[in-house]
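# Reading the structure
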Amino acid sequence: MTVIIDGKELAKKIRQNLKIDCDNLKNKGIYPKLAVIMVGDNPASKVYVRNKNKACEEVGIEYEEFLLGENTTQTQLISLIEDLNKRDDVSGILLQSPIPKNLDINEAFRTISYKKDVDGFHPTNVGKLALGQDTFVSCTPYGVIKMFEEYNIELEGKNVVILGRSNIVGKPLIQCCLNKNATVTVCHSRTKNLKEYTKKADIVISAIGKPKFVTADMIKDGAVVIDVGINRDENNKLCGDVDFENVKEKTSYITPVPGGVGPMTVAMLMNNVIKSANNFGKML
Ligand code: NAP
């Protein structure tokens, strides 16, 4: 029988524990605050931002939102980030992606002080993760690792196959799994005979953004399958990258979509804001 990993419940438990940490900080006169910047009018981003706001409320983190219009210039965006970098009351800064194509998101991410980079996208934090040093780990990979820890799923010596090599999910996941002593293989759109890799994997983590791409014949019996994907199926229903109903018959552990990795991502963002407020940013 497979265990269905309950990311929603786990995320709730993490938020409850963070609330205690947040209250302790407030008792010391420290008020954690997340500043969120959104540029343009992306409906999916609005949902993500609303969820982050809700999670902040639950944990007791102060929240300030900056909604910039579609015609915002690079100079205006950079100048806002620089202001937020200087503000002592702001513990963490998050730039919601995507942003309009005429803007340079890499420069924007680079401008966010790495000491307030609660998304873990700044090159300094990416580098520190690669070096195995304490840093802000980007929230989705961090959420996946937390799931392994909470469900006592050992990574050491395991064959982990990651599908996808994006900067925000796939690549940081490589480091996170390596840091746990897994043997890591990364597949992407140019990988030939992808199934040959997944078939041998003890753990498959999919982050490619293709509905029901991972099918039962690609998975070995007893494997752990983590589905990062958030997609819409042919009936416009939310689904992951994994053909959940069929794949779950073969796995030892599997995450659903929704209710798997998604809530963990937001919980780990809250974790990073508390970590930043708790003087961590100054120690970097
Ligand atoms: P992305 O930037 O579009 O990257 C997708 C990756 O998948 C790329 O590396 C791409 O390869 C690879 N890929 C695409 N088609 C493939 C195929 N047929 N076979 C093998 N590899 C393939 O996406 P992302 O931002 O990482 O997001 C991936 C998925 O995770 C999306 O569904 C997104 O919505 C979801 N997501 C969920 C959360 C969460 O909190 N649960 C957070 C972030 C993202 P190339 O590099 O060769 O193009």
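Now for a look at the structure at hand. Predicted model, so just to flag it, every value in this text is computed and none were measured.

Our next topic: the pattern of salt bridges. Under the counting rule described, the total for this entry stands at 15 salt bridges. Taking the shortest distance from any N to any O, the salt bridge between Lys 275 and Asp 134 comes out at 2.8 Å. Of this pair, Lys 275 sits in helix 10 (residues 261-283) while Asp 134 sits in the loop between helix 5 (123-130) and helix 6 (139-150), and the two are 141 residues apart along the sequence. Overall, the relative accessible area of 51% leaves Asp 134 in the exposed class. For Asp 217, the salt bridge identified is with Lys 195, shortest N-O distance 3.1 Å. Placement of the pair is Asp 217 in the loop between strand 7 (203-206) and strand 8 (224-227) and Lys 195 in helix 8 (residues 194-198), with a sequence separation of 22 residues. Overlapping salt bridges, with partners in common, bring together Lys 33, Glu 64, Arg 87 and Asp 89 in one network.

Here the focus is helix 5. Among all positions of helix 5, only Asn 125, Lys 128 and Leu 129 are buried. One side of helix 5 carries all its buried residues, which in axial view fall inside an arc of 100°. Gly 132 sits one or two residues past helix 5 and shows a positive phi near 75°.

Before going further, it helps to spend a moment on the site of the ligand. As a matter of local geometry, the ligand sits amid 21 residues, with Arg 165, Ser 166, Ser 189, Ile 230 and Thr 265 nearest to it. Side-chain polar atom of Ser 189 to an oxygen atom of the ligand: 2.5 Å apart, as the coordinates give it. Interatomic distance of 3.0 Å between a backbone N/O atom of Ile 230 and an oxygen atom of the ligand. Taking 930 Å² as the accessible area of the ligand by itself, protein coverage stands at 71%.

Now for the sheet that holds strand 11 (residues 253-254). The strand order across the open sheet formed by 6 strands is 1-11-8-7-5-6, and the pairing between neighbours is parallel. Two strands close off the open sheet at either side, each with one partner strand: strand 1 (3-4) and strand 6 (183-187). Across 4 bridges, strand 5 (residues 159-163) lies against strand 7 in parallel orientation. Bridge assignment links Val 160 to a residue of strand 7, and that residue is Ile 203.

What follows is about the layout of surface pockets. Roughly 1,400 Å³ of internal volume is contained in the largest pocket. Together, 42 residues line the largest pocket, and Tyr 48, Ile 230, Gly 262, Thr 265 and Val 266 are the ones closest to its centre. Elements represented by at least two residues in the lining of the largest pocket include exactly helix 1 (7-27), helix 2 (43-59), helix 6, strand 9 (231-232) and helix 10. At 8 residues, the largest contribution of residues to the lining of the largest pocket is made by helix 2. Here the residues of the lining of the largest pocket are counted per class, giving 21 nonpolar, 13 polar and 8 charged. In this structure, the second largest pocket encloses a volume near 420 Å³. As for the second largest pocket, its lining consists of 20 residues, of which Gly 120, Phe 121, Val 126, Asn 167 and Ile 168 are closest to the centre. Those elements that provide at least two residues to the lining of the second largest pocket are helix 4 (105-111), helix 5 and helix 7 (170-179). The element contributing the most residues to the lining of the second largest pocket is helix 5, with 5 residues. Tallied by class, residues from the lining of the second largest pocket come to 11 nonpolar, 7 polar and 2 charged.

What counts as what
Residues numbered from 1 in each chain as written. Predicted model: local features only at pLDDT ≥ 70, side-chain atom pairs only at ≥ 80, totals over all residues. Heavy atoms only, no water. Salt bridge = Lys/Arg side-chain N within 4 Å of Asp/Glu carboxyl O. Helix = DSSP H or I, 4+ residues; strand = E, 2+ residues; numbered from the N terminus. Buried < 20%, exposed > 50% of the residue type's maximum accessible area, 1.4 Å probe, protein only. Arc of directions from axis to C-beta. Near = heavy atom within 4 Å. Polar contact = N/O pair within 3.5 Å; in protein donor to acceptor, adjacent residues only side chain to side chain. Areas by Shrake-Rupley, 256 points an atom, 1.4 Å probe, with all protein chains shown as cover. Pairing = 2+ DSSP bridges. 1 Å grid on protein atoms, 1.4 Å probe; cavity = no way out; pocket = protein on both sides within 12 Å on 5 of 7 lines; lining within 4 Å. Points joined across faces, edges and corners; volume = space filled by probe spheres on them. Nonpolar A, V, L, I, M, F, W, Y, C, P; charged D, E, K, R; others polar.

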